[in-house]
Amino acid sequence: MGNGDGGGAGMTRAKTARRLVPTIGFALRLGVRTALAGVAALSVTAAGAQTPFSMTGGASGGSSAAPPADAPPAATAPVPLAPLSAAPVATPPALEVPTPAPLPRAGDGGAGGALPFSMGGTQPSPAPGAPAGGGSDAGQSAAQPAAAPGTMPPPVSFGVPGSPAPVAPAPAVSASDARAVAPPRGQPGAIARYVLSRPDTRLTGEIDAVSNVVYISEGEVRQQASFWIGFKNSVVVMPESSRMRVTINGRPVMEVPIRSADAPEPVQVPIPPGVLKVGPNVVRIESSMRHRVDCSIGATYELWADLDPAMTGISFAEGEPAVNGLADLPSIGIDAVGATRIFAVRAGNDDPVAIARQLKAVQALSIAGRFDHPVVATVDSLADVKPAPGVMALVVGTAAEVGQVTDVGTATAATQPVAAFLDDGETGVPTLVLSGPASADVDAALERLSALARRSTALYRTDGQGPWRAPDVPIFTGGESRTLRELGVPTSEFSGRHFKVQFDVGLPPDFYANAYGHADLRLDAAYSPEVKPGSTLTVYVNDQVAIVFNLTAPHGDLLDQRLIRVPMQSFRPGANTIRIEANLNTDSDQQCLPGTTYNAQERFVLFNTSRVVLPVYARIGILPNLAALAASAFPYDLDNDQPLPVYVPGGRSASGAASTLLARLAVSRGQSLPIAAASAAAQFERRSALIVSAAPDIDGSLLRRSGLTSLNNATWINVQPKVGDAPGITRDSYEDVLQQVLGRRQEGEQRQPQAVAAAPPDATAQDDTREIYQRWRDETSGSVGLGRVLQTIVGWTQHQFGLSVDMFDLGFNVDPTIVLPQDTLAVIAQSTVPNTSHAAWTLVTAPTDAALAAGVEGLTAPQTWRTLTGRVDAYQRSAGTIVSFATTNVQYFETVPFSLNNARLIAANWFSMNIVAYAAFLFFATSLLGALTWLMIVFTREDHR
């Protein structure tokens, strides 16, 4: 008994000690922080300098009035990072404290007014004689001397070994106050170039990054530029060890702690001279986040930071310069949602000739400007266009027609072809005018713009590359091998728990190897002895798990060109995203002692010498195939000798959506499509065609031939052109649902006491598990008797051998009728033209012209466009996603010269998708072989006789 009591007391003491460890550690850290604060205060008092927490701005002569005791701390802006040649930071990395510097004020740049990050109601008054502006150098803290340009202040130790340095808590700021920091549009210092290509950019996990290309003009390079960033992060992110880092053209620009859990907080830093260059500039935003309290791999999925596109961009001290010529066209940039908005102003008649000119102009314009997401809208006058980043106007017509819209440039256009940006001095919108005295001169101006587009393609986009991205997407035509460095992936050392990196590879539109074969990933990597066996490395292709590789070495391992074979089932024509993730389990993470959520010791490294090898695969054209259309405007890119008919029965009201679609196809292809406006369906009866209009304007026969036999006006009667709003959800509907739930709950509460009271005492004690199991089995199986037996056999076959019912299709099925979801905003469908080799109709429609414009904008967004597949795709307005409908009736045609090897690969892929035909072929081949063998034996015996 005595030993038992002593053991229990020892266990109690051990538990108590473990509880006290975090408290003692916190007390030690608090003591160290207090001591450091006391020393800093004494040094400030001795120097007679302004207190570092003053919010009154700079002082004159080194003196200032003391702020109130409850005055909030001033917001600080980070100091630009040192250049690449700077000495590396010691490990573990301690927080580099930025030099305090107030952010710019809204309006006049900081003269007077409340600071944007104020947490109090009233700002303290400045000292007598002090300057009104708070942004002078004299207003910085004397306790922390300002760092020299290009360097960072010395790090501050934290007090707990192995832990990062603390960060002063960021003052709370509302979203409206944060947006008020940047000057309004058109004033010096306002954001002139947004850098995020999509409105929902989110960085997740312990490490993540996003890259985009920003084009800078010569006039902008000469100015002092600043980089702005705003983001909101998860509350579980530890700000002391989490960083947001920005590089431009590979050179560090800023590094800030991730500590904006309440609202997006804008941060501004000056871009060092020489970083920006004329032309394309690659902006890369990286995040490194750690969890506050949890060390598990699952907790890494709780880490996120949403980048605010309206707060992230580049500003110029003297304001955005005017677009002086066609060479500055790429500097138009994008808006806050990643689109370049081209407003085509009506000039002249709304005839097919005018529409065709507009379609040709927006194609050349998008290629010359390298716009990744061009969106075209038709307006009546230039007064309808408001100046904003990523906005321009387009006027096409003869000098007489253009004169009805604007007087600028009409004098020159009356004598010669004009293709230039003209400034009317009123709207402030970059306006491209394509004009001339006659129709032939307008066509000559269009040709001048097309020539510029061709030169732009040759300069910035070589053969074997996809659309302009960061980095460019290489096209693998079969048999190529590229390193991760060539794919834009640097060597990465990692000390966390969930590692991930991704890159893109491109495939041609006639790719036909998604049912067989594999790509080779030759991995150069290593993991430390700390990593436990059972950790995994997973390869994803287009967000689908392709293969899981187990890390089994008990004492770490060096993977030298380790072969990982990645099945090609998830590959598709166009850009394919390959993501490599590693889940690293360690004993220290399972214990998760206080202060160990941040680990400074690297556990995993992926070298950029790793190689991606794609074998020679089958190539053959397939129709209908919207994935190939999105990849390179296939099959319309095959017929360069004749123009593509574009049918817009809705006229000018639908010409904006048609222009948006043509511009997107041109960007995917890399060059303009030759087009001709059609005025009737009879003009393209046996030819490829593109049809864009609202459903009421399209003849029913065209809808039926496109596979939309059930489409009618009643299908979309409740559709409204507001992308992002949930359809049919109103306050009344929520109240109705709530009343139904409450009513059912009350009915259940009323029935339950009666049922319990009436039941016999032993009724609730009976074991009814078998009855419940049988009931659930009947409900889930959906069949009885022989049907249930067949379902069991099918399920077992699929589980054991991976064979599904779809694989036993003989290819004689008829495509089912398309039933569109209720949330559909727009539809794109493709169908083959009978009795032709590779002609196809592509139809895009919506219930109204407004819904058509919004739907085509959503369809052509890069994140949506690359997911097109099958024969019919429906764009969902609430989620911004695609619902695809596949086809069982496809048409094959040759796209490359015939070869036995390609024929063998085509047969291998086709048999892999049609297993019944493969089994029948094997049966026929073996039967034929047996029959020939029997005949040979019989005739051989007769010869011997």
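Residues numbered from 1 in each chain as written. Predicted model: local features only at pLDDT ≥ 70, side-chain atom pairs only at ≥ 80, totals over all residues. Heavy atoms only, no water.

Colleague: What is the right way to look at the sheet that holds strand E32 (residues 840-845) in this model?
Modeller: One key point about sheets: their strands pair by backbone hydrogen bonds, in either a parallel or an antiparallel sense. What the 7 strands build is an open sheet, ordered E29-E28-E30-E32-E31-E33-E34; its pairing is mixed. The open sheet has two edge strands, strand E29 (675-678) and strand E34 (881-885), and neither has a second partner. Sheet twist, expressed as the average angle between the axes of neighbouring strands with direction ignored, equals 20°. Bridge count between strand E28 (residues 644-647) and E29: 4 bridges; the pairing is parallel. Directly across from Val 646, in E29, lies its bridge partner Ala 677. (Pairing = 2+ DSSP bridges. Helix = DSSP H or I, 4+ residues; strand = E, 2+ residues; numbered from the N terminus. Axes fitted to C-alpha atoms, helices over the stretch in contact; angles between N-to-C directions.)

Colleague: Sorry, what's going on with the UniProt feature "transmembrane region" (unreviewed entry) in the protein here?
Modeller: Per the UniProt record, the feature "transmembrane region" (unreviewed entry) sits at residues 915-939. Taken end to end, residues 915-939 is 100% helix and 0% strand, and its two terminal C-alpha atoms sit 36 Å from one another. (UniProt positions renumbered as here; feature names shortened; annotations may be inferred.)

Colleague: Help me understand unusual backbone geometry, please; the structure alone is not making it clear to me.
Modeller: Among all residues except glycine, the phi angle is most often negative; among peptide bonds, the trans geometry is most common. Put simply, Leu 623 and Pro 624 share a cis peptide bond, and its omega is -5°. When you line up the elements, Pro 624 lands in the loop between strand E27 (621-623) and helix H9 (626-632). Cis geometry marks the peptide bond from Phe 634 to Pro 635, where omega comes out at 5°. Mapped onto the elements, Pro 635 comes out in the loop between H9 and E28. One non-glycine residue, Cys 592, adopts positive backbone phi at about 50°. Overall, the relative accessible area of 22% leaves Cys 592 in the partly exposed class. (Buried < 20%, exposed > 50% of the residue type's maximum accessible area, 1.4 Å probe, protein only.)

Colleague: In this structure, what is going on with helix H10 (residues 652-669)? I would like to understand it.
Modeller: Across its 18 residues, H10 extends 25 Å between first and last C-alpha, which sits within 8% of the 26 Å expected from 1.5 Å per residue. With 17 of its 18 residues buried, H10 lies for the most part within the structure. Following H10 by one or two positions, Gly 670 has its phi on the positive side, about 95°. (Expected span 1.5 Å × (residues − 1).)

Colleague: It is not clear to me how the sheet that holds strand E6 (residues 243-248) should be interpreted in this structure. Could you clarify?
Modeller: Across the sheet, 4 strands lie side by side as E3-E9-E6-E7; this open sheet has antiparallel pairing. Among the strands making up the open sheet, the edge pair consists of strand E3 (207-216) and strand E7 (251-257). In this sheet, neighbouring strand axes are inclined to one another by 15° on average, regardless of whether the strands run parallel or antiparallel. Relative to E7, E6 runs antiparallel, the two being bridged by 6 bridges. Across the sheet, residue Thr 247 finds its bridge partner in E7, namely Pro 252.

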